[in-house]
Amino acid sequence: MNAPQTPVKKLRVATTSLAGCFGCHMSILDIDERILKLLDLIEFDRSPLTDIKHCGPCDLGLIEGGLCNAENVHVLREFRKNCKILVAVGACAINGGLPAQRNHLDLRDILEEVYQTEVGLSHGGIPNDPELPLPLNQVHPIHEVVKVDYFLPGCPPPADAIWKLLTDLLAGRTPNLGHGLLHYD
Amino acid sequence: MTFELETAISPEKLRRVAIDPVSRVEGHGKVTILLDDDNKVHQVRLHIVEFRGFEKFIQGRPYWEVPVMVQRLCGICPVSHHLAASKALDMMMGVKQLTPTAEKIRRLMHAGQILQSHALHFFHLSSPDLLFGFGSDVAARNIVGVIAAHPEIAKKGVLLRKYGQEVIRMTAGKRVHGTGSVPGGVNKSLSAEERAELLKDAYQMVAWSRDAVGLIRQLFEQNLTEYNRFGRFRSAGMCLVAADGSMDLYHGGLRARDADGNTMFDHFDYSRYWDVIGEDVKPWSYMKFPFFKSLGPEDGSYRVGPLTRVTHCDSIPTPLADKEREAFVAFDGGSSAGATLGYHWARMIEMLHAAECIKDLLHDDDIIGHDLMATGQRQERGVGVIEAPRGTLIHHYRVDENDQVIRANLIVSTTHNNQAMNTAVREVAKQYLDGVEITEGLLNHIEIAIRAFDPCLSCATHALGQMPLEVAIVGADGNVIDEATRDHRGLTRLVS
Ligand code: SF4
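In this numbering scheme, every chain counts its residues from 1 along its sequence in written order. All chains are assigned letters beginning at A, and all ligands numbers beginning at 1, according to the order in which they are written. Local features in this predicted model are restricted to residues whose pLDDT is 70 or higher, and side-chain atom pairs enter the listing and the counts only when it is 80 or higher, whereas totals over whole chains, interfaces and linings include all residues. As a convention, hydrogens and water are excluded, and side-chain values are obtained from all of the structure's heavy atoms.

(A) Inspection of the site of the ligand at higher detail. Nearness here has a simple test: a residue counts as near a molecule or strand if at least one of its heavy atoms is within 4 Å of that partner. Within the structure, the ligand sits among 13 residues, and Cys21, Cys24, Ala91, Cys92 and Cys155 of chain A are positioned closest to it. In this structure, the ligand is bordered by residues of chains A and B. The class makeup of the residues in the shell around the ligand is six nonpolar, five polar and two charged. Each residue is assigned to one class: nonpolar for Ala, Val, Leu, Ile, Met, Phe, Trp, Tyr, Cys and Pro, charged for Asp, Glu, Lys and Arg, and polar for all the others, Gly among them.

Here it is as structure tokens:
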């Protein structure tokens, strides 16, 4: 039982949400109590769950969400530079997802409608402070900007699919979801 | 006119410190602080830096798609959007009363949502600050650290969240982004097996939720002065209440009180919310600033969410949670009930209430009924309001004769709290940061104030806008740091 543990090198994992809804992160947590033992095997770098604000060298990067502003592009590049394996998690990272529904709209009209002419506004004005990252004209999937190693479909991908990906990588296998875990809703 | 510490008089002379991204919250936000040479704080702002445009791209879609689309605003509280949209579209369909099965299945789904979201927020996101200390080691200050140091607390948190997610899965079809609620009712009820499965753990969840209330109470007792003072400010508030004034997170009329506790409106029919609420825009955030119209944009800000709900309701209709409510509002002469960190305590009382609701609903035979849909006389528009985990959530749609949505307005919980969160972080900046050397641990104090509100910054990014096409980012010294341009695909590139 209590044999001295040989310190195993943990898999270092970073996660981030770009233009996503956090549903994919919820699905990561939906592995439920398996997370309690997973933490013997992995450690978190930058993630919404930790207070590390910039990604350092990692074995695995999980990206939720597509690219909707310049800041997203910047964070994605930082992840690619630091992560040996980069995974596009969920519909938004893979093809833009629901936020990409805005891609056919004329942005200038919309901006004016939302921030200037909408009823109920006391006084309008388009937010334009330099602290706000520039929005992109369209929402882009992440593979348009960086090389992506694996794509995990679903909105969000089921927790069991995330679990399979992690355990395959931990065992040194090529991740293979197989039947039942690969779906798109 | 602006709020204290909102805008520095000469920002170009000041040093900028940023918390970017704000972590252990849901969504994308950052805080900027401007300081002078003596580290005196001159400006503090919580910026919402992203926008996604849901209100716009819903337009033109058939209305029955809306409850499924809009929940993609938020993966933590998708059920809130799912149900607020369904309620708005019930009204549009002229359905005044759901079938008992539909109403109870929706209430069960909502209680599952409150339970899992509150558990996640308290245990996974906020408990590290409270258990380890506000300025504790950054490397351990997360759920992993809690699992290592307090495994029994962490395990309860993980399993409470799991149970809430299972309630959602069985009522909505999926843990995240289900499809169970539809305009006019629901598309499934529970099977006898599902009901039995959920009943197995229902009492355990009530017991663990009680333990959680005990834990936050104990933390308050141990740190009373600091907790009561932390980021404290006076504020008006708003929430839904039932016809008898008791807490109802699914349906009711709007109750608002000013900062002195005087009633401003009560049992107000939310289908005319715009008579009482206006919205303001500031150039430095994509999130709007709502206010009570009767007080105007300068004085009319208010807060929503657990703290307001627990202190504004006359009672909670489940016995254990109501006892805890009484204890909370009486604690330390009532002062904790006005503290920013009082949000956590109120949140755990609501989690207990949600667990009790789930247990009670599981004993009600209507949840295995088969009468799922109601019909009515079609209307042109509909408004749906629900108390989401973080506060009052408003959905408003107009639908044309082709069944297409032609107008949508959403005011999410976090948006109502925009000014309140900004005020709270400015209070914390005054209390902890002014005139001292800023450290990581001190900056975490700012984030703790934001976390108290459990902001869903993701929800708050729904408004779509576009900035001017060329923007220069100018540094404090007036020099251009960055310029942004767009390539032929419309992709912005930063060029230094
Ligand atoms: S893929 Fe779905 S669940 Fe994941 S971030 Fe996008 S909308 Fe949310």
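(B) Up close: the domain arrangement of chain B. Residue and element names in this part refer to chain B. Here chain B is described as being made up of domain 1 (11-48 + 418-495) and domain 2 (53-416). Each domain's extent is set by a domain assignment, obtained either automatically or from a database. Using only C-alpha atoms to locate each centre, domain 1 and domain 2 end up separated by 27 Å. The contact criterion used throughout is that any non-hydrogen atoms of two residues lie within 4.5 Å. Listed by partner, the interface residues are 39 residues for domain 1 and 48 residues for domain 2. Salt bridge, as used here: a side-chain nitrogen of Lys or Arg that lies within 4 Å of a carboxyl oxygen of Asp or Glu. There are four salt bridges connecting domain 1 and domain 2. In protein, a polar contact requires one atom able to donate a hydrogen and another able to accept it; more generally it is a pair of N or O atoms within 3.5 Å, and residues adjacent in sequence count only if both atoms are side-chain atoms. Taken together, the connections running from domain 1 to domain 2 amount to 20 residue pairs in polar contact (both at pLDDT 80 or more). Broken down by secondary-structure element, the contributors of at least two residues to the side of domain 1 that touches domain 2 are strand S3 (41-48), helix H14 (418-433) and helix H15 (440-452). Under the DSSP-based scheme used, a helix requires at least four consecutive residues in state H or I and a strand at least two consecutive residues in state E, with every element numbered from the N terminus. A total of twelve residues in the side of domain 1 that touches domain 2 trace back to one element, the largest contributor, which is H14. Counted by class, the side of domain 1 that touches domain 2 contains 19 nonpolar, twelve polar and eight charged residues.

(C) Molecular detail of the packing of aromatic side chains. Residue and element names in this part refer to chain B. The pairing test for Phe, Tyr and Trp rings, Trp by its six-membered ring, is centres within 6.5 Å, and the orientation test on the planes gives stacked under 30 degrees, edge-to-face over 60, and tilted for anything in between. Across all of its chains, the model carries 16 aromatic pairs over all chains by this definition. Centre to centre, the rings of Phe134 and Phe230 are 5.1 Å apart; their planes meet at 65°, and the pair counts as edge-to-face. On the criterion of sequence distance, the pair formed by Phe134 in the loop between helix H4 (100-132) and helix H5 (143-149) and Phe230 in the loop between helix H8 (224-229) and strand S6 (236-241) is long-range, its members being 96 residues apart. Like Phe230, Phe134 is buried. Seen in terms of ring centroids, Phe292 and Tyr302 are 4.3 Å apart; in terms of plane orientation they differ by 10°. Their pairing is stacked. Residue Phe292 is found in strand S10 (residues 289-292), and its partner Tyr302 is found in strand S11 (residues 302-303); the two are separated by ten residues along the sequence. Each member of the pair, Phe292 as well as Tyr302, is classed as buried. Throughout this description, buried means an accessible area under 20% of the type-specific maximum (1.4 Å probe, protein chains only), exposed means over 50%, and partly exposed covers the range between.

(D) Spatial organisation of the sheet that holds strand S12 (residues 381-388) of chain B. All names here are of chain B. Spatially, S12-S13-S14 is the arrangement adopted by the three strands of the open sheet, whose pairing is antiparallel. Edge positions in the open sheet fall to S12 and strand S14 (405-411), since each of these has one partner strand only. Neighbour-to-neighbour, the strand axes of this sheet turn through a mean angle of 15°, independent of strand direction. Note on pairing: two strands pair once DSSP finds at least 2 bridges between them. Note that S12 and strand S13 (residues 391-399) share eight bridges and pair antiparallel. A fitted line through C-alpha atoms serves as each axis, taken over the contacting stretch for helices, and the angle formed by two N-to-C directions is quoted from 0 to 180°.

(E) Local environment of helix H7 (residues 192-222) of chain B. One fewer than the residue count of a helix, multiplied by 1.5 Å, yields its expected span. Given a rise of 1.5 Å per residue, 31 residues ought to cover 45 Å, and the 46 Å separating the end C-alpha atoms of H7 of chain B matches this to within 8%. The angle between axes fitted to the seven residues ending at a residue and the seven residues starting there is what we call the bend at that residue. Approximately 35° is the largest bend angle found in H7 of chain B, and it occurs at Asp201 of chain B.

(F) View of the packing of H4 of chain B against helix H12 (residues 342-362) of chain B. All names here are of chain B. Look at H4 against H12: their axes get within 8 Å of each other, and the N-to-C directions meet at 145°. Classified by chirality, the crossing of H12 by H4 is left-handed. Among the residues forming the contact of H4 with H12, the class breakdown is 16 nonpolar, five polar and four charged. For any pair of crossing helices, the crossing counts as left-handed if the nearer helix is rotated counterclockwise from the farther one by less than a right angle, and right-handed if it is rotated clockwise.

(G) Region of the structure containing the sheet that holds S3 of chain B. Residues and elements named next belong to chain B. What the three strands build is an open sheet, ordered S1-S2-S3; its pairing is antiparallel. At either margin of the open sheet sits one strand with a lone partner, and together these are strand S1 (15-19) and S3. Adjacent strand axes in the sheet meet at a mean angle of 20°, parallel and antiparallel pairs treated alike. Of the strand pairs in this sheet, strand S2 (residues 29-35) and S3 are connected by seven bridges, and their pairing is antiparallel. Across the sheet, residue Gly29 finds its bridge partner in S3, namely Ile48. Each of S2 and S3 is contacted by H14, which is oriented at about 145° to S3, the strand it contacts most.

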